[in-house]
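The primary structure of each chain is shown beneath.
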Amino acid sequence: MSESYIEIERHRAAIFRIDLSRPVRLAIEWSILNKDTTFFDYGCGYGGDVERVANLGYTSAGWDPYYYPDRDRIPADVVNLGYILNVIEDTEERRQALLAAWQLTRKVLIVAAQVLINAPSRSLIPYADGVVTRHNTFQKYYQQEELKKYIDETLNVDAVPVALGIYFVFRDEAEKEAYKAIRFFSKTSTPRVRIPTKRFEDYQDMLQPLMAFYTTRGRLPVKGELENEQELLKEFGNFRRAFAVVLQATDEAEWDAIAYRRSLDIQVYLALTHFQGRPSWHKLAPEMRHDIKAFFGSYEEACEVADAKLFSLGKPSVVKATCEKSKIGKHTRNALYVHISALCEIDPLLRIYEGCASRTIWRVDDTTLIKFCTEKPQISYLLYPEFDTDPHPALKASITIDLKTLEITHRDYASRANPPILHRKETFVTPNYSLYEEFAQLAQKEQELGLLKHKSDIGTREGWAKCLAEHKVEIRGHQVYQLNES
C-alpha cells in the first residue's frame, strides 16, 4: 500500500490508563518529581498523568494537540514527553516536538519512547522510518542506544537512561551527576546503640542528624551540610568531637564498614563516567566533591583508582576469576547468579561490570537475579516475581545485554507451560536477607530427602513435579510434607 493512501490517526495511540505511566512513576520514585517541583505533560493524551500527579498534591498541567488543544503550553520544572516521539510519522515534526518540550523544561525532561526488543510483527505496514499499526497509528520502534543518540544530538545533551526506552535529561550538570551517582549508593542502616552512655543519651536527639548523615555519606559533614549544625557546634565545638560521643555508644567497626562501602560506591560511579566523558571537578555536586576529598584526597587519584578497575575488566580472565572467587551468589559451570539485594555487597569489579551493562538501560524493573556469564561478555537480568513466596519460583522473563555490541535480547517465559524454576534460593542471597533461614531450612530438608540429587531433571516445573511425585512429597509454603502411602 502506498504511503500517500494511509491516513495516520495519531490520537488513537493515546492509552487510557488507570495508574501513573511508568516514566512519571519513575520520576516520582527517584524524587525528580516532588511537591517542590511543577509538572507539565507535553502530549498528555487523555490527561491521566496530569490528574494523578495533581491528586498527589503536586502542581500539574498538560497539553495535547487532539484532546486538549486549547490549553497553554507552560514552562515547568519537570516536563514529560511520554511515548510521543514514536507516534509522530513526520521526522521534522518529531524533532520540533522534542525541542518544544525541552524549551519548556526548567530542570528535567522525561523522554520515553517504544524500544525494539523483539522484531515487530511482519503484518505491520512499513511507513516512513516506522510502521503503521492495525489502529492506523504510526509507530517508530527505536533501539535503546538509537533513542539516546537522537535525544543527545537533537538537544545537545547527555541523556541519562532510567529504564528501557526512558531517559531523564537534566538542565543542570551537577544535578545530573548527583542523580547518576546516587543510583550506585549502597543501602546502609545506622549502627544500633550498643552501650547507651549517659553522655550519648543526654545528646541523642541532637546527634541523630549527624548519625543519619554519616550513614548516607560515610563521612563527617563539612560546613553548611547539616541542618542542626549551629546547635551541634555550639555544644561540641566541632563534628569530630560530637561523633566521638556516638562512637562511645556504637560499634566503630560498623561505621568504618559504611565508609569503606561508600568509597567503593564512588569508584563504581567514577569508573562508569568514563564512557560518556567524565565530568570536570566543578560539574560534580558539592557533596560529591566533599566525598572524594574525604576518601581519596584528590579527584585525579579517585579517577585513577576507578579506571584501573574498569580497564582490568577488558580481560575476560579477570571477570571469570572474580566471579569464581565470589563468596556471594550461586556458582554454576558458566555463570555466577546474584540476587539484586546483594549487588552492592559483591566485589566492586563485578559492580562495575554490571554497570557497563546497566548504563545503557539502567537496571531492568523487577529484576530478581543478575547472571554474570563467565564464558562470554554478557549479563542477564532474570525476573522471578514470586521469589519470596514460591519455594521454587518460575522464570517469567530474561533480558540479556551483550557487552560488546550492547544488543539487548528479551525472552518471555510467562506463557510457557514448563518454565525453568529455582532451587536452593539461599545461595543467591546473603545471610542477612530476611528469608535466608527459611530458604536454607527448606533446601536442607530437600537435600536430606534426596530431592536435589538429579539436578538436570528438576530444573523445570514439570521435572520438579515428577520428582515430588516419585518421592511422595508435597511442598506448601517453605515446608516439606511427606504424603501417606495410602
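Residues numbered from 1 in each chain as written. Predicted model: local features only at pLDDT ≥ 70, side-chain atom pairs only at ≥ 80, totals over all residues. Heavy atoms only, no water.

**Remarks on the overall build of the protein chain**
Counting secondary structure elements, the protein chain contains 15 helices and 17 strands. In terms of overall dimensions, the protein chain has a C-alpha envelope of 80 × 75 × 45 Å along the principal axes. Of the contacts made within the protein chain by residues no fewer than 6 positions apart, 62% connect residues no fewer than 24 positions apart. Carbon and sulfur atoms make up 48% of the accessible area of the protein chain, which totals about 24,800 Å². Put simply, the protein chain has 64 plus and 69 minus side-chain charges, and the middle of one group is 4 Å from the middle of the other. (Helix = DSSP H or I, 4+ residues; strand = E, 2+ residues; numbered from the N terminus. Contact = heavy atoms within 4.5 Å. Areas by Shrake-Rupley, 256 points an atom, 1.4 Å probe, with all protein chains shown as cover. Lys, Arg positive; Asp, Glu negative; His and termini not counted. Charge placed at Lys NZ, Arg CZ, Asp CG, Glu CD.)

**Brief notes about the packing of aromatic side chains**
For any pair of aromatic rings, the description consists of the separation of the ring centres together with the inter-plane angle of the planes. Under the criterion given, the structure shown has 16 aromatic pairs. Both rings, one in Tyr66 and one in Tyr67, keep their centres 4.9 Å apart while their planes meet at 75 degrees; by these two values the pair is edge-to-face. On the basis of relative accessible area, Tyr67 is assigned to the partly exposed category, the value being 25%. Chaining the aromatic ring pairs together yields one cluster made of Trp30, Phe168, Phe170 and Tyr179. The ring centre of Tyr68 lies 3.9 Å from the NZ or CZ of Arg71, which sits over that ring. The ring of Tyr481 has Arg476 lying over it, and the distance from NZ or CZ to the ring centre is 3.9 Å. (Phe/Tyr/Trp six-rings, centres within 6.5 Å; stacked < 30°, edge-to-face > 60°. Buried < 20%, exposed > 50% of the residue type's maximum accessible area, 1.4 Å probe, protein only. Lys NZ or Arg CZ within 6 Å of the ring centre and 35° of its normal.)

**Quick word on the packing of helix α9 (residues 252-276) against helix α11 (residues 299-312)**
Orientation of α9 relative to α11, taken along the N-to-C sense of each, is 75 degrees, at an axis distance of 8 Å. Relative to α11, the element α9 lies roughly perpendicular. For the pair α9 and α11, the contacting residues are Gln267, Leu270, Ala271, His274 and Phe275 in the first and Tyr299, Ala302, Cys303, Val305, Ala306, Asp307, Lys309, Leu310 and Phe311 in the second. (Axes fitted to C-alpha atoms, helices over the stretch in contact; angles between N-to-C directions. Parallel < 35°, antiparallel > 145°, perpendicular 65-115°, else oblique.)

**Examining unusual backbone geometry**
Backbone geometry follows two general trends: most residues other than glycine have a negative phi, and most peptide bonds adopt the trans configuration. Backbone geometry at Ser31 places phi at a positive 60 degrees, although glycine is not the residue there. With respect to the helices and strands, Ser31 occurs in the loop between α1 (22-29) and β1 (38-42). Within the chain, Tyr83 stands out as a residue other than glycine whose phi angle is a positive 55 degrees. Mapped onto the elements, Tyr83 comes out in the loop between β3 (76-82) and α3 (91-104). Look at Tyr83 and you get partly exposed, because its relative accessible area is 23%.

**So, helix α4 (residues 144-155)**
Spanning twelve residues, α4 covers 17 Å between terminal C-alpha atoms, matching the ideal 16 Å at 1.5 Å per step. One or two steps after α4, the chain reaches Asn156, where phi turns positive at roughly 60 degrees. (Expected span 1.5 Å × (residues − 1).)

**Considering the state of the cysteines**
In the structure shown here, the tally under the stated rule is zero disulfides. Free cysteine Cys303: the closest other cysteine sulfur is in Cys356, separated by 16 Å. Judged by its relative accessible area of 9%, Cys303 is buried. (Disulfide = S-S within 2.5 Å.)

**Notes on the confidence of the model for the protein chain**
Here the protein chain shows a mean pLDDT of 89. Residues at 70 or above account for 91%. Looking at the elements of the protein chain, mean pLDDT is at its lowest for strand β5 (residues 125-127), recorded as 43, and at its highest for β1, recorded as 98. Note that residues 1-5 has pLDDT below 50 and, in this model, three contacts with residues that lie over four places away or in other chains. Across residues 118-131 the pLDDT falls below 50, and counting only partners more than four positions away or on other chains, this stretch makes 30 contacts in the model. (pLDDT = per-residue confidence, 0-100.)

**Comments concerning the side chain of Glu229**
Mapped onto the elements, Glu229 comes out in helix α7 (residues 229-236). In this structure, Glu229 is buried with no salt-bridge partner, the nearest side chain bearing the opposite charge being Lys223 at 5.9 Å. Setting aside its immediate chain neighbours within four residues, Glu229 contacts Val222, Lys223, Gly224 and Phe239. (Salt bridge = Lys/Arg side-chain N within 4 Å of Asp/Glu carboxyl O.)

**Re the packing of helix α5 (residues 173-182) against α9**
Where α5 meets α9, the closest approach of the two axes is 10 Å, and the angle between their N-to-C directions is 125 degrees. Judged by the angle between their axes, α5 and α9 are oblique. Taken as a pair, α5 and α9 cross one another with a handedness that is right-handed. The segment α5 lies against α9, with Glu177, Lys180 and Ala181 engaging Tyr269, Thr273 and Gln276. (Left-handed = near helix turned anticlockwise from the far one by under 90°.)

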